[in-house]
Amino acid sequence: MRILVTNDDGAGAHGLSVMHQIARALSDDVWIVAPEMNQSGASHALTLQVPLRYREIGERAFAVRGTPADCVIMGVKHVLKDNPPDLVLSGVNHGANLAEDVTYSGTIAGAMEGTMLGFRSIAMSLTIGFDPDGNQHWKTPIEYGPRIVEQLLATEWPAMTLMNVNFPDLAPEAVGGIAATRQGRRDQGGLHIQERSDTWGDPYFWVGFERRRSDPPAGTDLRAIADGLISVTPLHLNLTHDAAQQQLGSVLSLGERKARLKDAG
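Predicted model, so just to flag it, every value in this text is computed and none were measured. Sequence order as written defines residue numbering, which begins from 1 separately in each chain. Per-residue local features are limited, in this predicted model, to residues with pLDDT of at least 70; the limit for side-chain atom pairs, both in listing and counting, is 80 or more; totals at the level of whole chains, interfaces and linings are taken over all residues. For side-chain calculations, the full set of non-hydrogen atoms in the structure is used, while hydrogens and water are omitted.

## Some details on the packing of aromatic side chains
Thought 1: Stacked, edge-to-face and tilted are the three classes for Phe, Tyr and Trp ring pairs, Trp counted by its six-membered ring, which pair at centre distances within 6.5 Å; planes under 30 degrees apart are stacked, over 60 edge-to-face, the rest tilted. In the structure shown here, the tally under the stated rule is one aromatic pair.
Thought 2: Plain terms: the ring middles of Tyr-54 and Phe-62 are 5.5 Å apart, the flat faces sit at 45 degrees to each other, and that makes the pair tilted.
Thought 3: Between buried and exposed lies partly exposed: a residue is buried under 20% and exposed over 50% of the maximum accessible area for its type, with that area taken using a 1.4 Å probe on protein chains only. With relative accessibility at 10%, the residue Phe-62 sits in the buried group.
Thought 4: Note that Arg-120 overlies the ring of Trp-157, its terminal NZ or CZ placed 4.8 Å from the centroid. Each ring is checked for a lysine NZ or an arginine CZ that lies within 6 Å of its centre and within 35 degrees of its normal; such an atom marks a charge sitting over the ring.

## A short note on the sheet that holds strand β2 (residues 29–35)
The strands making up a sheet associate through hydrogen bonds between their backbones, and the pairing can be parallel or antiparallel.
Thought 1: Two strands qualify as a pair provided that DSSP identifies no fewer than 2 bridges between them. Per the convention used, a helix needs a DSSP run of H or I reaching at least four residues, while a strand needs a run of E reaching at least two, with both numbered from the N terminus. Taken in spatial order, the nine strands make up an open sheet running β3-β4-β2-β1-β5-β6-β7-β11-β8, and their pairing is mixed. Each of the sheet's edge strands pairs with one partner strand only, and the pair in question is β3 (54–58) and β8 (178–180). The mean inter-strand angle of the sheet, taken between neighbouring strand axes irrespective of direction, is 25 degrees.
Thought 2: When strand β1 (residues 2–6) meets strand β5 (residues 87–94), the two strands line up parallel, connected through four bridges. Pairing of Leu-4 across the sheet is with Val-88, part of β5. Note on geometry: axes are C-alpha line fits, over the in-contact stretch for helices, and angles between N-to-C directions span 0 to 180 degrees.

## Side note on a nonpolar patch on the surface
Thought 1: Taken together, the side chains of Leu-191, Ile-193, Phe-205, Val-207 and Phe-209 define a hydrophobic patch exposed on the protein surface, amounting to about 490 Å² of accessible area.
Thought 2: Of all the secondary structure elements, the ones that give two or more residues to the nonpolar patch are β9 (191–197) and β10 (203–209).
Thought 3: With three residues, the top contributor of residues to the nonpolar patch is β10.
Thought 4: Among the secondary structure elements, Phe-205 is positioned in strand β10.
Thought 5: Residue classification places Phe-205 among the partly exposed positions, given a relative accessible area of 49%. For patches, a residue must show more than 30% relative accessible area and have no salt bridge; joins then use 9 Å for like charges and 5 Å for nonpolar side chains, namely Val, Leu, Ile, Met, Phe, Trp and Tyr. Note on areas: these come from Shrake-Rupley sampling with a 1.4 Å probe, and a residue is covered only by the protein chains present in the view. What makes a salt bridge here is a side-chain nitrogen of Lys or Arg within 4 Å of a carboxyl oxygen of Asp or Glu, nothing more.

## Some words on the layout of surface pockets
Vacant regions in the atomic arrangement are exposed by a probe of water-molecule size rolled over the atoms.
Thought 1: Definitions used for this entry: grid spacing 1 Å over protein atoms alone; cavity, a set of points where a 1.4 Å probe fits but cannot get out; pocket, an open set with protein on both sides within 12 Å along at least 5 of 7 lines; lining residue, one with an atom within 4 Å of a point. Grid points are joined across faces, edges and corners, and a volume is the space filled by probe spheres set on the points. What the second largest pocket holds in volume is close to 220 Å³.
Thought 2: Lining the second largest pocket are Val-102, Thr-103, Met-112, Arg-182, Gln-183, Thr-233, Pro-234, Leu-235, His-236, Asn-238 and Leu-239.
Thought 3: When contributions to the lining of the second largest pocket are tallied by element, the ones reaching two or more residues are α3 (101–104) and β11 (230–236).
Thought 4: When residues in the lining of the second largest pocket are grouped by element, the largest group, four residues, is from β11.
Thought 5: Counted by class, the lining of the second largest pocket contains five nonpolar, five polar and one charged residues. Three classes are used: nonpolar for Ala, Val, Leu, Ile, Met, Phe, Trp, Tyr, Cys and Pro, charged for Asp, Glu, Lys and Arg, and polar for all others, with Gly counted as polar.

Here's what the structure looks like:
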């Protein structure tokens, strides 16, 4: 199995080396194509206004001056164009990608791009920031990641679907299990803007979420992480809301409106 690994935290991120360990536990044929710089929050952006540049940073490893989506395209269409991958792994992200995070995340976007190009793709993220001692439990994805990938690959996936895996902020032995989940929804009241001043007295701003525990609904990715479980969420690239589309079909009818206007005239 040929595996393409990418991330959004950048080619020097520790989480990328963790994902490389996960991939190497599954195959000897592992390639890395990751962003040169941190691309957290880049979502599914493509670099279209400037040329893409890349450089070799190790054996079967390349850094691209672009986004995670750029990296997957470069990996599939250039680096591995003569022998494409069987699997795309994106991560392991420094921090969870839950609920609405999936719309912002470059980690998710790497898996999205792999899915769009026709390859099974899995995004992985590690929850960080809730351990009372400030520990970061990278051994948890190393311990469980390969097993989860094998289990996912042994199942049939619907077309245009990627898998979003999130690990709780716990040591491996403290993990309570694995849950198949749906995308949750955060309390947007936690979103805030922090204003500061630079050395010239001019204002600048940081956007962020407050770190706080909540009580999310059962069955969601947020609930699984809150309960100390590994969350596995299938995400579909078709964003159409079918029920709303059918309802609109009975409301939007330009031809009938034109006929009524003609009769009225």
